[in-house]
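The residues making up each chain are set out below.
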Amino acid sequence: MQEDEFEPNIVGLLCHWCTYTAADLAGTTRTQYPTNIRPIQTMCSGMVDPVYVLWALLGGADGVMIGACHPADCHYVSGNYKCRRKTAVLKSILNTLGLEDDRVWLCWISAAEGQKFANTVAKMVDELKKKGPNPINAYWST
Amino acid sequence: MVGAVLVIGAGIGGIKCSLDLAESGFKVYLADQSPFIGGTLAQLDRWFPDNHCGMCKILPIFSRDESSQFCLRRGLYHPNIELLPLSTVSQIDGNTGNFQATLSIKPRGVRKELCVSCDLCAQVCPVEVPSEFNEGLENRKAIYLRNPLAISSGYAIDWGSCTKCGACVEKCPTDAIDLSQEEETRKLDVGAIVLSAGFEEFNPRPWSQYGYKRHPNVITSIQFERMLSASGPTAGEILRPSDNQPPKSIAFLQCVGSRTKERDYCSSACCMYALKEAVLAKEKNPELDTEIFYMDLRAFGKGYYRYYEQAKGEFGVKFTRCRIPTIKQDPATKNLFFTAIGEDGGLVRREFDLVVLSVGQTPSPRFLELGEVLGIELNKWGFCKTQELSPTETSQDGVFVCGSASAPKDIADTLVEASAAACQVSKLLSSQRGQLITTKDYPEELDLSEAEARAAIFLCTCGEEIASMLDMEEMLDFAKGLPGVVYVEQTPYLCQKDALEQVKGKIKEHEVNRVVFAACSDITYEKLFIDAMRDVGLTPSLLELVNFREQLCSINPDHKKQAMEKAKILVAIALERVRTQEPLHLVSQNVEHQALVIGGGLAGLTAALSLAEQGFEVQLAERTAELGGNLRHIFSILEGGDPQALRQNLIKRVEENPLIRLHTETEVIEVSGYAGNFEAVLKDTDSTHEPIKVGAIIIATGGEAYEPNEYCYDQSESVMTQAELEQQLASGKLDVTELGSVVMIQCVGSRDKERPYCSRVCCSQAIKNSLSLKERNPEIDIFVLHRDVMSYGFKEEYYSQAREKGVLFVNYDLDRKPEVTIEGERLIVQTIEPTTGGVLKIEPDLLILSTGIVPNDNNILAQMLNLELTEDGFFKEAEVKFRPVDFVINGIFLCGLAHSPRGITETIAQAQAAAQRAASILSRERLESGRVGSEVNERRCSGCELCVSACPYNARFKDTDKGVVVVIEALCQGCGACVAICPSGAAKLRGFTDKQVFSVMDAVI
Amino acid sequence: MTRSAILEVQNGNLIETLNNLWRQLLEKGLVDALLIPQELPSGINVVQTLVSDVQKLESPNPLSPVMPVNTARIVSQMTKVTPSPKKVGVVLRSCELRALIELVKLKQASLENIVLIGIDCFGTYSVKDYKNLAQDGSSPKDAFIKAVREGKEDPSLRQVCQMCEYPIPMNADITIGLIGIDFEKSILIQASSTEGEAILEALELTDSPEAEVTKRDEAIAKLIEQRTKKRDEILEQTQKDISGIDNLMRTLAPCINCHNCRDVCPLCFCKECFFDSPTFEMESEKYLGWSERKGTIRMPTHTLLFHLTRMSHMVTSCVGCGMCYEACPNEVPVANIFRLVGLNTQKIFDYVPGRSLEDELPVTTYQERELLGVPEKL
């Protein structure tokens, strides 16, 4: 690996019940994936306020992954559905303003899907590498 | 009497029963012969009838911080439950209430308290054997973990394959492995025993006609489940064993090991799981051709028929009614083909890439021995025999049974029975409630409200596991330099007792009030670490765990730089979280120890008694003047038992029980409050009562018989419903000697467009009444026109009996219903005979309509209590499988026909289950919230109620006087949906404040 | 059910005819008070007034083309703590009424005892333009009405009005119909509720010929078409001007973090804004930390975060009234941006703010199968 290759910095807001567990499982099964994700545990994807995602993106994160339970699997009944709606609103805002909504990923990853977690991180890193660094980092005037 | 219970079998039924008992104040020993918990369920990923996972929903709602709050696949912890793996019961002495159980405990070979689940042992183990968990689709070692998610359970040795070469002993960094361990015995004093040992899947190998194990592409349904599983051997890909290629077509063959001469029972769950497997396969690849070959499609549970329709319509799963005699294999392609006689008498020829055998449930062969030890009778198939009209009672006092140990059943019915068994135990041992549960005394939590954050970071090296990836010196330096850190240390094994003692000392010495443990997955030792925190007077909210091991394991050992970088980030995240964390203490609220049961039918009476007999006061409200509901119209039961005697007995016991206050001709007109503290207003014909305070509410408002308007029901005395026939048979009004022929039509008012659900009981009724008619007059010709005969479980035998006695079962299609006309005095029934395609014309003396069950108008009650109804108008439970009698709104429970159509014994079980769930609230002194919970900043709250709509638990409401929203602490589960929707930041989640989240993100961006 | 009646315009004087109508409402006790715009004596502005004495109904003029406040805010102010104990007629433009409906859903206003009187809206000038026109000595309202009658496009109208595709009020009890009507002769009064019908009854108005209604409907359709076209033109330009981080930063360059846009927004209902909360009271080391991350940061901080977060909070309910732009001291095109984002976002949920009290706010509900494109497919 080259020293100066761009390494995207991904903030992972991962649901305690499913996706965070999947991250654990990926480790237990020694499934390799890039280290670019910064896993932050949340109680539920339903608690992910759009402002968290904005904070991360405007703060310079190259990507934000919201890890949630699959539809209807939510321990708290419907947090993931609510998250999906809020994410749709947020993405629409970003998209309309030309702010690269594809830096925000909402992913359904169950506790048993360690492999999927690893694949998702890998794919996200790959795509963010193609996109390059978050352009916001070039601006101090935000 | 002893306030402890032995639960045998740690599958989902045993776990549920244990949790229910533990939650209502009993000590539970949960024993399993295997080294791991979870049973069959842990092998499955998703469930019918909604393709979802919802296991975590069975975890306790109240006082949740004391039990584990993780995906159940990772493990289970509750302070009142002691897990006893590798244990079999060898002897039982004593009597009900005072048993002494002797358990033989096989050696694990691994000392659990030392095992850190590092997997090094398995890596060096030279022995490979097929993995049971993955059904032989993959190998495991002789020292192993059943499932990689379950690391908290520790490794175990499979003595059957272990060669005792000692490689693992040498490798183990904590000296946890001991190959010389010997079997131990342990004696337990328990008041009651619950058998929940489940089933074994039928081994289709002896059925040589299907070529299982000979034809590689013939697999069992449970093997297929493992393939569908994301954590399975194929990581969720469906692959043909012969060539590891994805199949283009899959056949599912039903009734493998069920509904045969040797096993004349239905395994109850296979139709549904085959449907689910086909649907999940289709979800993965819509191009896939899936076909289910079945005899009767038994989709009889709640929501199952809709699921079936969805599988057929939306997913395009094909269904063919026929039993496949033999499967042949093309030696070149390894494809499978078969020929059978179809429903229409023609030949069905098919070729498939993969064939899945839907294997049935068989009793475990060790039941024979276990039955003897426990002194319980088994039935002729080897399942545990239960008492008439008491589904969880065995032939031995004080020994109860639940789940598939007594009859094949699915998860939802298993969990209902698990709670019902817990209820029966609680009744028996109610005087000993709370006697044997031990609570540890911790020092009072320090008041840190004014204290500055002083953090310590303890880095575990996990022997070489972590240390080999990280430069620990550099890590220590890094940690030291972080803000607010006053102490940093590394330890080889943080999880070991001495290490924790030292940690506690350091915390005190350095006046540390924020702690970061960087070790391994939180499931493994969280409880241990929390305990250590509480020992030094710190609330667990001031502890943050970093999952070094699992999060670093996945990094290639050659990439040390990346590992260091990631480790630093993980520590930074944890430190920032804990540094900005306020100390959180538990709050609790009082509980009213009385219940309100709404409805005085079978379900309501049973529920009321089940609570009163545990010592709780009950207010029982019945709308009509008479108790007994629909039970009044039932005079016999297919499997035996006298419903009228049951009714009279229940009424007598209810009337005589001093703890039950009975209100007939009374309706509930208003309910306010929440779990533990409801206030309900009852109104009878004369007046509105003073509000009563109750801690829990049980809805048992029943359902109604469908009133037919089809098949000339109103036009002839000779057309009647099954209930009317039953009554006439019971009263002797009907002269059966005069009858020449009788036709019964099934699914009248069920399983159609308007009511797309199965009423579950009508097929049994038809079989029961047919047998009854035949018994009285064997000469009667009886035709049962049906769509699928729902004689699930042991009802199958009666179906066989009816056929043997000459009852003719003729299938009809929904779009080709029988036609009934009246010509003069004569009734004419015409239906299409499926095998010939010709019209079968019968002129019966009697036409019996098997009318289904329809819901009452439940809207008013649902609105009053903020509950949801299903599309069909029944009450909607919290989760169809894992919380089958609970509502999302806590403190309210559900049973009987208000839930869905079901038979008498099933209703009894469900009513007991609902009572037990209510008892888990009523038995508490106080309801405790969790540390993570939501709050409202009143000054900032605009009262927009967005959070009220977002809260799934009704834990928020608006105080109209103040114009702000208020949180009911005990109901809040801490999900944070309120926070995400509150625009002003007035909603706050303790433990996850906005500022904390921002701070944590700042630390890593 | 809508009932349409005819109100003859006396002497070709529309304003006077309407004044008579307002007076009758009070005199006949159909309402106890009237919330209605009146011209200030200086003539250079028109403000909302709450009139309970008919004698003080001096210069009502809800047709005057200026809107210093979105009246939904005022109705919220009046009815949030307790619903109105007396019947109050509230005269509203479409964007005001739509905002009010949203506020009712957000529990910030109550319609109890409120009679909603909507008026067809031809658009408004900014307060400044109106003032300048008035000071020029010309009568802005007469000129405006004349222009409307002649069907002229008025490029000096506020841009949000030029592109407003909701010229007629939704959910009013009574609508004062002007579009497509020869209001020198008569105007159309439409009742869309029993409350409204009772008023029509009490005013003893005669039913309108069907042809008048049809004429109006056709004119509305045409107007909406024109405005939609205009909307698309304007927003296309907006999209070009602001899209992409470069453009967006340029657009926000004049923002001085005064948060006026939020203060006047009818949908920014919070008692206290998230951005004024203790969450944003940061320690100095935080600022230094951010500064160190990029070398320098703009102070005060969080300009873009503020706008985007505010958007995420209220954009699904944004009615495009444009008050934000009016309040901006430096002409940041916030109204156009919010309109553009609002349109794109509301479309996802087929949500039209103010369309109906029955439509649930998009973020308070969900369907199990929807938005299948939002989660990343792997």
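Residues numbered from 1 in each chain as written. Chains lettered and ligands numbered in written order. Predicted model: local features only at pLDDT ≥ 70, side-chain atom pairs only at ≥ 80, totals over all residues. Heavy atoms only, no water.

S.K.: What is the right way to read the overall build of chain C from this model?
M.R.: Per the secondary structure count, chain C includes 14 helices and 8 strands. Against the globule reference of 21 Å for 378 residues, chain C gives a C-alpha radius of gyration of 22 Å, in line with a compact fold. Principal-axis analysis of the C-alpha atoms gives chain C an extent of 75 × 55 × 40 Å. Evaluated residue by residue, chain C yields a buried proportion of 57% over its 378 residues. As displayed, chain C offers around 16700 Å² of accessible surface, 50% of which is attributable to carbon and sulfur atoms. Here chain C contributes 41 positively and 52 negatively charged side chains, and the mean placements of these two sets differ by 4 Å. (Helix = DSSP H or I, 4+ residues; strand = E, 2+ residues; numbered from the N terminus. Rg over C-alpha atoms; globule rule 2.2 N^0.38 Å. Buried < 20%, exposed > 50% of the residue type's maximum accessible area, 1.4 Å probe, protein only. Areas by Shrake-Rupley, 256 points an atom, 1.4 Å probe, with all protein chains shown as cover. Lys, Arg positive; Asp, Glu negative; His and termini not counted. Charge placed at Lys NZ, Arg CZ, Asp CG, Glu CD.)

S.K.: How should I be thinking about the sheet that holds strand S32 (residues 677–684) of chain B in this particular structure?
M.R.: Adjacent strands of a sheet pair through backbone hydrogen bonds, lying either parallel or antiparallel. Residues and elements named next belong to chain B. Spatial ordering of the open sheet is given by S31-S32-S33, a layout of 3 strands whose pairing is antiparallel. Each edge of the open sheet carries a strand with a single partner, namely strand S31 (666–674) and strand S33 (692–694). Pairs of neighbouring strands in the sheet enclose a mean axial angle of 30 degrees, with direction left out of account. The pairing of S32 with S33 spans 3 bridges and is classified as antiparallel. Among the inter-strand pairings, glutamate 679 is bridged to a residue of S33, identified as lysine 693. (Pairing = 2+ DSSP bridges. Axes fitted to C-alpha atoms, helices over the stretch in contact; angles between N-to-C directions.)

S.K.: I would appreciate a short explanation of the packing of aromatic side chains in the present structure.
M.R.: Both the distance between ring centres and the angle between the ring planes are used here to describe each pair of aromatic rings. Following the criterion strictly, the structure yields 40 aromatic pairs over all chains and no others. Where tryptophan 55 of chain A meets tryptophan 290 of chain C, the ring centres are 5.8 Å apart and the plane angle is 70 degrees; that geometry is what we call edge-to-face. Placement of the pair is tryptophan 55 of chain A in helix H2 (residues 50–58) and tryptophan 290 of chain C in helix H11 (residues 284–294), with the two residues belonging to separate chains. Owing to a relative accessible area of 4%, tryptophan 55 of chain A belongs among the buried residues under this scheme. Taking the centre distance of 6.3 Å and the plane angle of 50 degrees together, the rings of tyrosine 525 of chain B and phenylalanine 529 of chain B count as tilted. Separated by 4 residues within a single helix, tyrosine 525 of chain B and phenylalanine 529 of chain B lie in helix H11 (residues 522–535), roughly one turn from each other. Note on accessibility: tyrosine 525 of chain B and phenylalanine 529 of chain B belong to one class, buried. Clustering of aromatic rings is evident, with ring pairs tying together Tyr52 and Trp55 of chain A, Phe998 of chain B together with Phe274, Phe275, Phe280, Tyr287, Trp290 and Phe306 of chain C. The aromatic ring of phenylalanine 36 of chain B is capped on one face by arginine 108 of chain B, whose charged end is 5.4 Å from the ring centroid. (Phe/Tyr/Trp six-rings, centres within 6.5 Å; stacked < 30°, edge-to-face > 60°. Lys NZ or Arg CZ within 6 Å of the ring centre and 35° of its normal.)

S.K.: Would you mind showing me how to read empty space enclosed by the protein here?
M.R.: Summary: where empty space remains is shown by rolling a probe the size of a single water molecule over the atoms. Approximately 250 Å³ is the volume found for the largest cavity. In this structure, the largest cavity is lined by 17 residues; those nearest its centre are Leu58, Gly59 and Thr142 of chain A together with Arg293 and His302 of chain C. The residue inventory of the lining of the largest cavity, partitioned by class, reads 8 nonpolar, 5 polar and 4 charged. Contributing to the lining of the second largest cavity are 15 residues, with Cys18 and Ala111 of chain A together with Cys53, Cys71 and Arg73 of chain B lying nearest its centre. Looking at the lining of the second largest cavity residue by residue, the class counts come to 9 nonpolar, 2 polar and 4 charged. (1 Å grid on protein atoms, 1.4 Å probe; cavity = no way out; pocket = protein on both sides within 12 Å on 5 of 7 lines; lining within 4 Å. Points joined across faces, edges and corners; volume = space filled by probe spheres on them. Nonpolar A, V, L, I, M, F, W, Y, C, P; charged D, E, K, R; others polar.)

S.K.: Just checking my understanding: could you explain the pattern of salt bridges for this structure?
M.R.: When their charged atoms lie close together, side chains carrying opposite charge are able to pair. Residues and elements named next belong to chain B. Evaluated as defined, the whole model comprises 95 salt bridges over all chains. The salt bridge partner of glutamate 417 is lysine 409, with a shortest N-O separation of 3.1 Å. When sorted by exposure, glutamate 417 lands in the same class as lysine 409, which is buried. The partner of glutamate 509 in a salt bridge is lysine 506, with the nearest N and O atoms 3.8 Å apart. (Salt bridge = Lys/Arg side-chain N within 4 Å of Asp/Glu carboxyl O.)

S.K.: Would you mind showing me how to read the nonpolar core here?
M.R.: Generally speaking, a soluble globular protein has its nonpolar side chains buried in company with each other. Leu97 of chain A together with Leu611, Ile698 and Met1001 of chain B are the most contacted members of the largest nonpolar core, which totals 226 residues. Looking at this core element by element, the count peaks at 11 residues for helix H20 (residues 904–922) of chain B. Ignoring sequence-local partners within four residues, the contact set of methionine 1001 of chain B consists of Val11, Ile40, Tyr52, Trp55 and Ala56 of chain A. (Core = buried A, V, L, I, M, F, W, Y, C linked by side-chain atoms within 4.5 Å. Contact = heavy atoms within 4.5 Å.)

S.K.: I'm lost on the side chain of arginine 760 of chain B in this one. Help?
M.R.: Residues and elements named next belong to chain B. Relative to the assigned elements, arginine 760 resides in the loop between strand S37 (741–748) and helix H17 (762–776). Owing to a relative accessible area of 3%, arginine 760 belongs among the buried residues under this scheme. Of the polar contacts made by the side chain of arginine 760, one reaches the side chain of aspartate 413; its length is 2.9 Å. A polar atom in the side chain of arginine 760 sits 3.0 Å from the side chain of glutamate 906. (Polar contact = N/O pair within 3.5 Å; in protein donor to acceptor, adjacent residues only side chain to side chain.)

S.K.: Teacher, can you tell me more about a negative patch on the surface here?
M.R.: Residue and element names in this part refer to chain B. Among the surface-exposed residues, Glu704, Glu707, Asp714 and Glu724 lie close enough to one another that they form a single negatively charged patch. For aspartate 714, the position within the fold is in the loop between strand S35 (703–705) and strand S36 (719–721). Judged by relative accessible area, which is 65%, aspartate 714 ranks as exposed. (Patch = residues over 30% accessible without salt bridge, like charges linked within 9 Å, V, L, I, M, F, W, Y side chains within 5 Å.)

S.K.: Explain the pairing of strand S43 (residues 846–851) of chain B here, please?
M.R.: Remark: a regular strand shows side chains that alternate across the two faces of the sheet. Residues and elements named next belong to chain B. Most of S43 sits out of view: 6 of its 6 residues are buried. Side chains of S43 alternate between two faces, with Leu846, Ile848 and Ser850 and Leu847, Leu849 and Thr851 buried alike. Both S36 and S43 contribute to a ladder of 3 bridges, which runs parallel. The partner of methionine 720 across the bridge, within S43, is isoleucine 848.

S.K.: I tried to follow the confidence of the model for chain C on my own but got confused; where do I start?
M.R.: Reading predicted coordinates in detail is not appropriate for stretches of low pLDDT. When pLDDT is averaged along chain C, the result is 94; 99% of the residues meet or exceed 70. Interface confidence in the predicted complex, given as ipTM, is 0.97; pTM for the same model is 0.95. (pLDDT = per-residue confidence, 0-100.)

S.K.: What am I meant to see in the interface of chain B and chain A here?
M.R.: Quoted interface sizes are often the accessible area lost when the parts come together. At the interface, 62 residues of chain B touch 55 residues of chain A. Buried surface at the junction of chain B and chain A, summed over both partners, amounts to about 4900 Å²; 60% is from carbon and sulfur atoms. Linking chain B to chain A there are 4 salt bridges. Here chain B is connected to chain A by 18 residue pairs in polar contact (both at pLDDT 80 or more). Every element with two or more residues in the side of chain B that touches chain A is listed here: helix H12 (548–553), helix H13 (560–579), helix H22 (977–981) and helix H23 (994–1004) of chain B. For the side of chain B that touches chain A, the per-class residue count stands at 36 nonpolar, 13 polar and 13 charged. (Buried area = accessible area lost by both parts, 1.4 Å probe.)

S.K.: Looking at this model, I keep getting lost on unusual backbone geometry. Mind explaining?
M.R.: Glycine aside, the phi torsion of most residues is negative, and most peptide linkages are trans. Looking along the chain, the bond that leaves phenylalanine 48 of chain B and enters proline 49 of chain B is cis, with omega of 0 degrees. Along the chain, proline 49 of chain B turns up in the loop between strand S2 (27–31) and strand S3 (81–84). Of the consecutive residues methionine 299 of chain C and proline 300 of chain C, the connecting peptide bond is found in the cis state with omega at -10 degrees. Along the chain, the position of proline 300 of chain C falls in the loop between H11 and helix H12 (303–314). Residue asparagine 11 of chain C is not a glycine yet carries a positive backbone phi of 55 degrees. Looking at the secondary structure, you find asparagine 11 of chain C in the loop between strand S1 (3–8) and helix H1 (14–27). Judged by its relative accessible area of 79%, asparagine 11 of chain C falls in the exposed class. Of note in the backbone geometry, leucine 371 of chain C takes a positive phi value of approximately 45 degrees without being a glycine.

S.K.: So what exactly am I meant to see when it comes to the interface of chain C and chain B here?
M.R.: Listed as interface residues are 26 residues of chain C and, on the opposing side, 23 residues of chain B. Buried surface at the junction of chain C and chain B, summed over both partners, amounts to about 2000 Å²; 51% is from carbon and sulfur atoms. Applying the counting rule to chain C against chain B returns 6 salt bridges. A salt bridge links arginine 293 of chain C to aspartate 1002 of chain B; its shortest N-O distance comes to 3.6 Å. Put simply, chain C and chain B have 13 residue pairs in polar contact (both at pLDDT 80 or more) between them.

S.K.: Any chance you could explain helix H9 (residues 472–480) of chain B here in plain terms?
M.R.: A turn of α-helix holds 3.6 residues, and therefore any two residues three or four places apart point the same way. Residues and elements named next belong to chain B. Listed in full, the buried residues belonging to H9 are Met472, Met475, Leu476 and Ala479. Down the axis of H9, the buried set is contained in an arc of 100 degrees. They therefore lie on one face. If you check the start of H9, you find a side-chain oxygen 3.1 Å away from the backbone N of glutamate 473, and it comes from aspartate 471. (Arc of directions from axis to C-beta.)

S.K.: Before we go on, may I ask you to explain the side chain of glutamate 113 of chain A in this structure?
M.R.: Within the secondary structure layout, glutamate 113 of chain A lies in the loop between strand S4 (104–108) and helix H4 (114–131). For the buried glutamate 113 of chain A, no salt bridge is present, and the opposite-charge side chain at shortest range is lysine 116 of chain A, 4.2 Å distant. Side chain to side chain, glutamate 113 of chain A and histidine 70 of chain A meet in a polar contact 2.8 Å long. Excluding anything up to four places from it in sequence, glutamate 113 of chain A contacts Ala22, Leu25, His70 and Trp108 of chain A together with Ala230 of chain B.

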